[in-house]
Amino acid sequence: MNKTAKYIVRAVKYFFYFSFLLVIFMTILVCAHVVDGNIETMFRGGYNSLLQIGLMFACVAAVYPIFGFVRKSAIIPGDFREIRQGIIDAMEERGYRLESEDGENMTFRNGSFLNRLTRMFEDRITFTRELGGFCLEGLRKDTIRIVYGLENRFRKDGDE
């Protein structure tokens with residue numbers, strides 16, 4: 001899948017995710033008798049508010065993939081055969097399992113179904129081999145943690 005199509009799919013997923021969360025929150029509030037179940041009284045503008053909320057979710061979902069996903073380089077020196085198992089072990093410690101391997105490029109997925117669900121199955125971390133290490137691509141928060149963890153792990157291993 002090319003980058004544009006992947007971006008559009010992610011944006012649509014986030015639009016539905018935000019909408020689903022709103023429905024869940026409003027359902028909880030109605031069941032707790034905090035708000036009335038009528039849309040006209042639930043929101044100040046009634047049904048017009050739903051259109052405004054939908055447009056707001058569409059705007060946020062359209063830009064979220066720009067900020068939510070990142071490509072970051074990890075400096076991991078060494079021959080691939082020497083560092084491969086260390087990378088796999090480090091990823092397994094973080095709850096990821098090796099999904100695929102193509103030459104010196106690897107893809108990992110989160111092993112927990114609940115974590116995958118909360119990330120809308122956008123939990124894939126891709127390792128692409130580059131000079132001096134790997135370029136990792138995935139969710140910003142996870143990717144940055146993994147990069148720093150791997151660099152720290154292999155720096156310690158090299159110092160000993």
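Thresholds, definitions, all that
Residues numbered from 1 in each chain as written. Predicted model: local features only at pLDDT ≥ 70, side-chain atom pairs only at ≥ 80, totals over all residues. Heavy atoms only, no water. Pairing = 2+ DSSP bridges. Helix = DSSP H or I, 4+ residues; strand = E, 2+ residues; numbered from the N terminus. Expected span 1.5 Å × (residues − 1). Buried < 20%, exposed > 50% of the residue type's maximum accessible area, 1.4 Å probe, protein only. Contact = heavy atoms within 4.5 Å. Phe/Tyr/Trp six-rings, centres within 6.5 Å; stacked < 30°, edge-to-face > 60°. Lys NZ or Arg CZ within 6 Å of the ring centre and 35° of its normal. Core = buried A, V, L, I, M, F, W, Y, C linked by side-chain atoms within 4.5 Å.

(A) Focus on the pairing of strand 2 (residues 96-102). Sheet topology places strand 2 next to strand 3 (residues 105-110); six bridges connect them, and they run antiparallel. When the bridges of strand 3 are listed, Arg97 appears paired with Arg109. Between the end of strand 2 and the start of strand 3, which pair antiparallel, lie two residues, with Gly103 showing a positive phi angle near 65 degrees.

(B) Quick look at helix 4 (residues 80-93). For helix 4, which comprises 14 residues, the first-to-last C-alpha distance of 20 Å matches the rise-based estimate of 20 Å (1.5 Å per residue) to within 8%. Where helix 4 is concerned, the buried positions are Phe80, Ile83, Gly86, Ile87, Ile88, Ala90 and Met91. A positive phi of about 95 degrees marks Gly95, the residue just after helix 4.

(C) A look at the side chain of Thr107. By secondary structure assignment, the location of Thr107 is in strand 3. Apart from the residues within four sequence positions on either side, Thr107 is in contact with Arg97, Leu98, Glu99, Ser100, Arg124, Ile125 and Thr126.

(D) Layout of the packing of aromatic side chains. The final tally for this structure, using the stated rule, is 11 aromatic pairs. Taking 6.0 Å as the distance between ring centres and 55 degrees as the angle between the ring planes, the aromatic pair formed by Phe18 and Phe57 counts as tilted. Linking Phe18 in helix 1 (residues 3-31) with Phe57 in helix 3 (residues 47-68), this pair joins segments that are 39 residues apart in sequence. With respect to burial, Phe18 and Phe57 carry one shared label: buried. Positioned over the ring face of Phe69 is Arg10, at 3.7 Å from the centre of the ring. For Arg129, the ring lying beneath its charged end belongs to Phe134, and the centroid distance is 4.9 Å.

(E) Spatial organisation of the environment of Arg94. As for its placement among the helices and strands, Arg94 is situated in the loop between helix 4 and strand 2. Measuring from C-alpha to C-alpha, the distance between Arg94 and Asp142 comes to 9.7 Å, with 48 residues separating the pair along the chain. Contacts of Arg94, omitting those with residues within four sequence positions, involve Arg145, Ile146 and Gly149.

(F) Seen up close, unusual backbone geometry. The phi dihedral of Met120 falls on the positive side, at around 55 degrees, and the residue is not glycine. On the secondary structure map, Met120 appears in the loop between helix 5 (113-118) and strand 4 (125-130). Met120 sits in the buried class, given a relative accessible area of 11%. If you check the backbone angles, Phe121 has positive phi at about 60 degrees while not being a glycine. Position of Phe121 relative to the elements: it lies in the loop between helix 5 and strand 4. On the basis of relative accessibility, which here comes to 34%, the residue Phe121 falls in the partly exposed class.

(G) Spatial organisation of the nonpolar core. Formed by 19 residues in total, the largest nonpolar core has its most connected members in Ile87, Phe127, Phe134 and Leu136. Sorting the residues of this core by element identifies helix 4, strand 3, strand 4, strand 5 (133-139) and helix 6 (140-159) as the ones contributing at least two each. The biggest single contributor to this core is helix 4, with six residues. The contact partners of Leu136, leaving out residues within four places of it in the chain, are Val70, Arg71, Lys72, Ala74, Ile125, Thr126, Phe127, Thr143, Ile146, Val147 and Leu150. Tyr14, Phe43, Met120 and Leu139 belong to the second-largest nonpolar core, a separate cluster that totals 11 residues.

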